[in-house]
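# Summary of structural features
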Amino acid sequence: MAVHMKGLIVCVCQGTCPSFHKMNVFEVINHFRRNKKVDFVVIHPQLCATDGDNFWRALLSGNRDVERVIVAGCDPVMQRKMFGWVFRELGFDESKFRGVEIRNMSTEEAIKAIEDALST
Ligand code: SF4
């Protein structure tokens with residue numbers, strides 16, 4: 001039986017970038033876990049690095065059960081440029097991907113931005 005899962009990945013520029021210091025990323029992901037808004041969550045240090053490509057391969061290879069994946073991090077246009085080619089390599093339908101900018105936001109602002117992305 002196919003399971004259609006929604007996932008939230010928060011990418012934090014290695015955890016050292018000041019753009020993520022106003023928020024508590026653990027509170028952000030726990031909000032979505034507590035409220036059962038997604039089926040899985042991940043905090044990734046650097047999705048645009050080579051091991052980030054491998055992360056996508058591990059998550060999406062042969063996996064047709066992910067119906068939506070939200071990446072909260074940097075600019076969505078940049079994200080699409082950085083991840084689009086690996087989605088194509090994996091045959092993952094890009095329309096299931098949504099990037100959300102959360103840099104320089106507070107915990108509450110980041111939650112709101114992700115909520116908005118989940119509802120579109
Ligand atoms: S994908 Fe974006 S948020 Fe993640 S490490 Fe790269 S630049 Fe930073």
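First, a word on what this report is: a plain description of the structure on this page.

Scoring rules and cut-offs
- Residues numbered from 1 in each chain as written.
- Predicted model: local features only at pLDDT ≥ 70, side-chain atom pairs only at ≥ 80, totals over all residues.
- Heavy atoms only, no water.
- Salt bridge = Lys/Arg side-chain N within 4 Å of Asp/Glu carboxyl O.
- Helix = DSSP H or I, 4+ residues; strand = E, 2+ residues; numbered from the N terminus.
- Buried < 20%, exposed > 50% of the residue type's maximum accessible area, 1.4 Å probe, protein only.
- Phe/Tyr/Trp six-rings, centres within 6.5 Å; stacked < 30°, edge-to-face > 60°.

### Re the pattern of salt bridges
Tallied over the entire structure, the rule returns six salt bridges. With a shortest N-O distance of 2.7 Å, Arg-57 and Glu-89 are connected by a salt bridge. Of this pair, Arg-57 sits in helix H2 (residues 50-60) while Glu-89 sits in helix H3 (residues 76-90), and the two are 32 residues apart along the sequence. Taking relative accessible area as the criterion, Glu-89 reaches 44% and is therefore assigned partly exposed. Put simply, Lys-112 and Asp-116 hold a salt bridge, and the shortest N to O gap is 2.9 Å. Linking Lys-112 with Asp-116, this pair stays in helix H4 (residues 107-118), spanning four residues, or about one helical turn. Residues joined in a network through salt bridges with shared partners are Arg-80, Arg-88 and Glu-94.

### As for the packing of aromatic side chains
Under the counting rule described, the total for this entry stands at seven aromatic pairs. Centroid distance Phe-87 to Phe-97: 5.2 Å. Interplanar angle 55°. Geometry classified as tilted. Residue Phe-87 is located in helix H3, and its partner Phe-97 is located in strand S4 (residues 97-101); the two are separated by ten residues in the primary sequence. Pair check on accessibility: Phe-87 and Phe-97 agree, each one buried. Linked through ring pairs, Phe-55, Trp-56, Phe-83, Phe-87, Phe-92 and Phe-97 together constitute an aromatic cluster.

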